[in-house]
Amino acid sequence: MSKMNFNGKNETSEKDEHLNQEDATNLQHEQENAAEETAATDNVTEELDALKKKYNELNDSHLRLMAEFDNYRKRTLREKTDLIKNGGEAALKGLLPVVDDFERALQNIRKSDDVEAVKEGVELIYSKFMAYLAQQGVKAIEAVGQPFDTELFEAVATIPAPEPGLKGKILDCVQTGYTLNDRVLRHAKVVVGE
């Protein structure tokens, strides 16, 4: 049963009307929320597509960079192998004139009776060879009279020093040592005073 109010209207219909208005408002809010969600979903989809595109670009760039590095590594190894294989070519080519001089000297030694001429020829070849070594950065280590240094010298014998000032110094060089660009190639074998 429905009650009548003072205006003569039915209370139930007022409630129904109020409920209908609330439903319409809720429906309107739901539609607005659905529209906002759709817009947000569209934005998320667009962002996702943009991120996928960026990921693919970065991945492609990374793969290309890795391939370039691998090619660089292979090329460098190949060049290094070639340098090791043929690196001594220039040094050996520079020695060939000295070998030619030795061959001429050997031919002349067999024919010549003049010992002084042969001696002078061998000394010229030796000085030419030492000049070539100096061009390549090879130098003889000065030993006699120098203080003993284990970085440069190898003591093969020790003898009593003839003078007190020669104690701990090199008295004789048994085998010459050499450096290449200030790095020891071969230690000089020396006799040290004690």
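Residues numbered from 1 in each chain as written. Predicted model: local features only at pLDDT ≥ 70, side-chain atom pairs only at ≥ 80, totals over all residues. Heavy atoms only, no water.

The protein goes by Protein GrpE in an unreviewed UniProt entry, where it is assigned to Parabacteroides gordonii MS-1 = DSM 23371. Looking at the protein in UniProt, the text filed under Subunit (unreviewed entry) is "Homodimer." Check the Sequence similarities (unreviewed entry) section of the UniProt entry for the protein; it says "Belongs to the GrpE family." (UniProt positions renumbered as here; feature names shortened; annotations may be inferred.)

## With respect to the sheet that holds strand S5 (residues 183–186)
Judged by pairing direction, the sheet is antiparallel, and its three strands sit side by side in the order S1-S4-S5 without closing on themselves. Bordering the open sheet on either side are strand S1 (138–140) and S5, each of which pairs with just one other strand. Strand-to-strand twist in this sheet, taken as the mean axis angle between neighbours without regard to direction, amounts to 35°. Where S1 lies against strand S4 (residues 178–180), three bridges are found, and the strand directions are antiparallel. Of the residues in S4, the one forming a bridge with Lys139 is Thr179. (Pairing = 2+ DSSP bridges. Helix = DSSP H or I, 4+ residues; strand = E, 2+ residues; numbered from the N terminus. Axes fitted to C-alpha atoms, helices over the stretch in contact; angles between N-to-C directions.)

## Structural notes on unusual backbone geometry
Positive phi values are uncommon outside glycine, yet Asn181 reaches one of about 50°. Residue placement: Asn181 occurs in the loop between S4 and S5. The exposure class assigned to Asn181 is exposed, which follows from its relative accessible area of 59%. (Buried < 20%, exposed > 50% of the residue type's maximum accessible area, 1.4 Å probe, protein only.)

## Let's talk about the nonpolar core
Judged by nonpolar contacts, Ile141, Ala143, Phe153, Ile170, Ala188, Val190 and Val192 together constitute the single largest core of seven residues. Looking at this core element by element, the count peaks at three residues for strand S6 (residues 188–193). Contact partners of Ile141, with chain neighbours within four places excluded, come to Leu152, Phe153, Gly177, Tyr178, Thr179 and Arg186. (Core = buried A, V, L, I, M, F, W, Y, C linked by side-chain atoms within 4.5 Å. Contact = heavy atoms within 4.5 Å.)

## Digging into the side chain of Thr179
Inspection of the secondary structure puts Thr179 in strand S4. In this structure, Thr179 is in contact with Gly137, Val138, Lys139, Ile141, Val184 and Leu185, ignoring residues within four places of it in sequence.

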